[in-house]
Amino acid sequence: MAWSNNPDRHYPSDWQQRRRLVLKRDNRVCHACQHGGADTVDHLVNIRRGGTHDLANLAPIHGKARCAECGINCHAVKTARESHAARPSRYRTPEAHPNRHPGLLPGK
Ligand SMILES: [Zn+2]
Ligand SMILES: [Zn+2]
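Residues numbered from 1 in each chain as written. Chains lettered and ligands numbered in written order. Predicted model: local features only at pLDDT ≥ 70, side-chain atom pairs only at ≥ 80, totals over all residues. Heavy atoms only, no water.

Observations concerning the overall build of the protein chain
The test is simple: Secondary structure follows DSSP: runs of H or I at least 4 residues long count as helices, runs of E at least 2 residues long count as strands, and numbering of each begins at the N terminus. Think of it in three bands: residues with accessible area under 20% of the maximum for their type are buried, residues over 50% are exposed, and the middle band is partly exposed, with areas taken using a 1.4 Å probe on protein chains only. Note on contacts: a residue pair is in contact if any heavy atoms of the two residues lie within 4.5 Å. To be clear on the numbers: accessible area is Shrake-Rupley with a 1.4 Å probe, and residue cover counts the displayed protein chains and nothing else.
Across its full length, the protein chain carries two helices and two strands. In sequence order, the protein chain lays out its α and β elements as α-β-β-α. Counting every position in the protein chain, which comprises 108 residues, the buried fraction comes to 28%. Look at the contacts in the protein chain between residues 6 or more apart in sequence, and 52% of them connect residues 24 or more apart. Total accessible area on the protein chain is roughly 8,300 Å²; 53% of this is exposed by carbon and sulfur atoms.

The following block contains the structure:
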(Lines give C-alpha, C1' and ligand atoms only; values in the text may rest on other atoms or scores of the structure.)
(Ligands and ions follow the chains in the order given, each with its own letter.)
Protein backbone atom coordinates (compact mmCIF):
# COMPACT_ATOMS: atom_id res chain seq x y z
CA MET A 1 0.00 0.00 0.00
CA ALA A 2 1.16 3.55 -0.64
CA TRP A 3 -0.16 4.84 2.66
CA SER A 4 3.13 4.48 4.53
CA ASN A 5 4.94 6.74 2.06
CA ASN A 6 2.42 9.52 2.43
CA PRO A 7 3.94 12.40 4.44
CA ASP A 8 0.41 13.45 5.41
CA ARG A 9 0.24 10.39 7.62
CA HIS A 10 3.22 11.41 9.73
CA TYR A 11 1.29 13.12 12.46
CA PRO A 12 3.06 14.19 15.64
CA SER A 13 2.57 12.04 18.72
CA ASP A 14 0.49 14.73 20.41
CA TRP A 15 -1.77 15.14 17.40
CA GLN A 16 -4.96 14.25 19.26
CA GLN A 17 -4.14 16.89 21.84
CA ARG A 18 -3.48 19.54 19.17
CA ARG A 19 -6.66 18.55 17.40
CA ARG A 20 -8.73 19.11 20.53
CA LEU A 21 -6.96 22.40 21.20
CA VAL A 22 -7.64 23.75 17.72
CA LEU A 23 -11.30 22.71 17.73
CA LYS A 24 -11.74 24.44 21.07
CA ARG A 25 -9.71 27.50 20.08
CA ASP A 26 -11.81 28.17 17.00
CA ASN A 27 -15.13 27.03 18.50
CA ARG A 28 -15.40 24.34 15.81
CA VAL A 29 -15.96 27.00 13.19
CA CYS A 30 -15.05 25.48 9.85
CA HIS A 31 -12.33 27.52 8.13
CA ALA A 32 -13.70 26.57 4.72
CA CYS A 33 -17.33 27.63 5.09
CA GLN A 34 -17.29 29.60 8.39
CA HIS A 35 -20.08 27.51 9.88
CA GLY A 36 -19.89 25.76 13.23
CA GLY A 37 -19.89 22.05 14.00
CA ALA A 38 -16.56 21.17 12.42
CA ASP A 39 -15.29 17.80 13.60
CA THR A 40 -11.90 17.57 11.93
CA VAL A 41 -8.69 19.59 12.00
CA ASP A 42 -7.23 20.61 8.69
CA HIS A 43 -3.88 22.02 7.60
CA LEU A 44 -4.23 25.53 6.19
CA VAL A 45 -1.08 24.93 4.18
CA ASN A 46 -1.02 21.39 2.95
CA ILE A 47 1.84 19.28 4.34
CA ARG A 48 2.87 18.39 0.83
CA ARG A 49 3.22 22.08 0.08
CA GLY A 50 5.49 22.69 3.02
CA GLY A 51 2.90 23.14 5.76
CA THR A 52 3.56 22.08 9.32
CA HIS A 53 1.59 20.51 12.13
CA ASP A 54 2.01 23.75 14.04
CA LEU A 55 -1.12 25.08 15.77
CA ALA A 56 -0.89 28.18 13.59
CA ASN A 57 -1.31 26.03 10.50
CA LEU A 58 -4.29 24.12 11.85
CA ALA A 59 -7.97 25.00 11.71
CA PRO A 60 -11.26 23.14 12.15
CA ILE A 61 -13.07 21.86 9.08
CA HIS A 62 -16.09 19.67 8.36
CA GLY A 63 -14.41 16.35 7.78
CA LYS A 64 -16.24 13.20 8.82
CA ALA A 65 -19.56 14.93 9.26
CA ARG A 66 -21.02 17.21 6.64
CA CYS A 67 -21.80 20.80 7.44
CA ALA A 68 -25.40 21.01 8.64
CA GLU A 69 -25.87 24.26 6.74
CA CYS A 70 -23.97 23.63 3.50
CA GLY A 71 -24.68 19.93 3.36
CA ILE A 72 -21.20 19.27 2.08
CA ASN A 73 -18.07 17.65 3.41
CA CYS A 74 -15.74 20.65 3.29
CA HIS A 75 -12.59 18.61 3.75
CA ALA A 76 -13.38 16.31 0.86
CA VAL A 77 -14.17 19.30 -1.34
CA LYS A 78 -10.94 21.02 -0.36
CA THR A 79 -8.86 17.89 -0.90
CA ALA A 80 -10.37 17.36 -4.33
CA ARG A 81 -9.68 20.96 -5.25
CA GLU A 82 -6.09 20.73 -4.03
CA SER A 83 -5.34 17.55 -5.92
CA HIS A 84 -6.34 19.37 -9.11
CA ALA A 85 -4.53 22.59 -8.32
CA ALA A 86 -1.38 21.00 -6.94
CA ARG A 87 -0.36 19.50 -10.22
CA PRO A 88 1.95 21.88 -12.02
CA SER A 89 3.40 20.64 -15.29
CA ARG A 90 6.82 20.02 -13.80
CA TYR A 91 5.25 17.64 -11.35
CA ARG A 92 5.66 13.99 -12.13
CA THR A 93 2.60 12.56 -13.76
CA PRO A 94 2.22 8.83 -13.18
CA GLU A 95 0.11 8.58 -16.32
CA ALA A 96 2.86 9.82 -18.58
CA HIS A 97 5.62 7.32 -18.14
CA PRO A 98 7.57 7.43 -21.41
CA ASN A 99 9.19 4.06 -20.76
CA ARG A 100 6.09 2.22 -19.76
CA HIS A 101 5.26 -0.78 -21.87
CA PRO A 102 1.73 -0.98 -23.18
CA GLY A 103 1.46 -4.48 -21.78
CA LEU A 104 3.44 -7.20 -20.11
CA LEU A 105 5.85 -8.98 -22.38
CA PRO A 106 5.15 -12.69 -22.18
CA GLY A 107 7.88 -15.28 -22.14
CA LYS A 108 10.54 -13.11 -20.58
ZN1 LIG B 1 -17.47 23.61 6.48
ZN1 LIG C 1 -21.02 25.21 6.03
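A look at the coordination of the zinc ion (ligand 1)
For clarity, the cut-off: Metal donors: N, O and S atoms at distances within 2.8 Å, or within 3.2 Å for Na, K and Ca, with water omitted from the atom set so that some sites may seem incomplete. Angle rules define the geometry names used: all angles between 85 and 135 degrees makes four donors tetrahedral, while opposite donors over 155 degrees apart and all other angles between 65 and 115 make four donors square planar and six octahedral, leaving every other case irregular.
The zinc ion (ligand 1) binds to the protein through C30 (SG), C33 (SG), H62 (ND1) and C74 (SG); the donor distances cover 2.0 to 2.4 Å. Viewed at the metal, the four donor atoms of the zinc ion (ligand 1) are separated by angles of 101 to 116 degrees, and the geometry they form is tetrahedral. Mapping the donors of the zinc ion (ligand 1) onto the primary sequence yields the spacing C-x2-C-x28-H-x11-C. The distance between the zinc ion (ligand 1) and the zinc ion (ligand 2) is 3.9 Å, with C33 acting as a donor to both metals. Of this pair, C30 sits in the loop between α1 (15-25) and β1 (40-43) while C74 sits in helix α2 (residues 74-85), placing them 44 residues apart in sequence. A single burial state applies to C30 and to C74, both of which are buried.

Considerations on α1
What counts, and what does not: An arc is given here, and it is the one of the directions from the helix axis to the C-beta atoms.
Residues W15, R19, V22 and L23 constitute the buried set of α1. For α1, the buried positions fall inside an angular range of 100 degrees around the axis, keeping them on one side. Looking at α1, the residues exposed on the side facing more than 90 degrees away from the buried face are Q17, R20 and K24. Tucked into the core, α1 has its buried residues touching β1 and β2 (58-61).

Points about the nonpolar core
For the record, the criterion: What makes a nonpolar core is a set of buried Ala, Val, Leu, Ile, Met, Phe, Trp, Tyr and Cys residues whose side-chain atoms join them at distances within 4.5 Å.
One finds C30, C33, A38, I61, C67 and C74 forming the largest nonpolar core, which totals six residues. Discounting residues that sit within four places of it in the chain, C30 has contacts with H35, A38, P60, I61, H62 and C74. W15, L23, V41 and L58 belong to the second-largest nonpolar core, a separate cluster that totals five residues.

Spatial relationships are all this shows, so hold off on functional conclusions.
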